[in-house]
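Overview (structure and organization)
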Amino acid sequence: MPRLHLVAAAVIGLTGALPALAQFQKPEDAVKYRQSAMFVMGNHMGRLNAMVQGRVPFDAAQAAANADVLLVMSKLPFVGFIDGTTAANSKAKPEIWTERAKFDAGAQRMQEAMVKLNEAAKSANLDQIKAAFGPVGQACKSCHDSYWKQ
Ligand code: ASC
């Protein structure tokens, strides 16, 4: 492994081992981080949804690009759900922390559905994309219904 990769691997390993708050300077930063990641996901879900609904013409390259952004973003929000961040500027329900295993399982379901959506997007076949898009939306909705103050 090249030296730089070794350093990067060590940094990533170290970051993963640190307590969650250490990754953010203050709790508000964790809230902002997860909200930002969710905002970007919502934006790219919207772009894909417009193609799935036929409101904009299907463009395979755009669909694949959106699915790539979504795949990366789907991994980000959850590190931001650190203890004690049901603040006034957050719509996160306290149940996230009292039912953490259920919340994490929901996050994983969404991430797995996102992998399938990414594979479908690479096929450049709109029917396959439509079929894979539904489960992602359902996974989003299920957690939003349970854990997000609408
Ligand atoms: C989206 C988005 C959500 C979910 C949800 C699914 O595209 O922004 O919050 O899907 O609407 O029902």
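Everything in this summary refers to the structure shown in the same document.

The rules behind the values
Residues numbered from 1 in each chain as written. Predicted model: local features only at pLDDT ≥ 70, side-chain atom pairs only at ≥ 80, totals over all residues. Heavy atoms only, no water. Helix = DSSP H or I, 4+ residues; strand = E, 2+ residues; numbered from the N terminus. Buried < 20%, exposed > 50% of the residue type's maximum accessible area, 1.4 Å probe, protein only. Contact = heavy atoms within 4.5 Å. Areas by Shrake-Rupley, 256 points an atom, 1.4 Å probe, with all protein chains shown as cover. Near = heavy atom within 4 Å. Polar contact = N/O pair within 3.5 Å; in protein donor to acceptor, adjacent residues only side chain to side chain. Nonpolar A, V, L, I, M, F, W, Y, C, P; charged D, E, K, R; others polar. Axes fitted to C-alpha atoms, helices over the stretch in contact; angles between N-to-C directions. Parallel < 35°, antiparallel > 145°, perpendicular 65-115°, else oblique. Left-handed = near helix turned anticlockwise from the far one by under 90°.

1. Points about the overall build of the protein chain
- Scanning the protein chain from N- to C-terminus turns up 6 helices and 0 strands.
- What you see in the protein chain, going N to C, is helices and strands ordered as α-α-α-α-α-α.
- By residue count, 31% of the 150 residues in the protein chain fall in the buried class.
- Sequence-distant contacts, at least 24 apart, represent 69% of the contacts inside the protein chain between residues at least 6 apart.
- With the model as given, the accessible surface of the protein chain reaches about 9000 Å², and the carbon-plus-sulfur share is 61%.

2. Looking at the site of the ligand
- In the vicinity of the ligand, the contacting residues are Gly 42, Met 45, Gly 137, Cys 140, Lys 141 and His 144.
- Within the side chain of His 144, an N or O atom sits 3.2 Å from an oxygen atom of the ligand.
- Relative to its unbound accessible area of 310 Å², the ligand is 59% covered by the protein chains.
- Of the residues forming the shell around the ligand, the biggest block, 4 residues, is contributed by helix α6 (residues 126–147).
- Here the residues of the shell around the ligand are counted per class, giving 2 nonpolar, 3 polar and 1 charged.

3. So, the packing of helix α2 (residues 27–52) against helix α3 (residues 60–73)
- The N-to-C vectors of α2 and α3 enclose an angle of 155°; their axes lie 9 Å apart at closest approach. In terms of orientation, α2 and α3 fall into the roughly antiparallel class. Handedness of the crossing formed by α2 with α3: left-handed. Facing α2, whose interface residues are Ala 37, Val 40, Met 41, His 44, Met 45, Arg 47, Leu 48 and Met 51, α3 presents Gln 62, Ala 63, Asn 66, Val 69, Leu 70 and Met 73.

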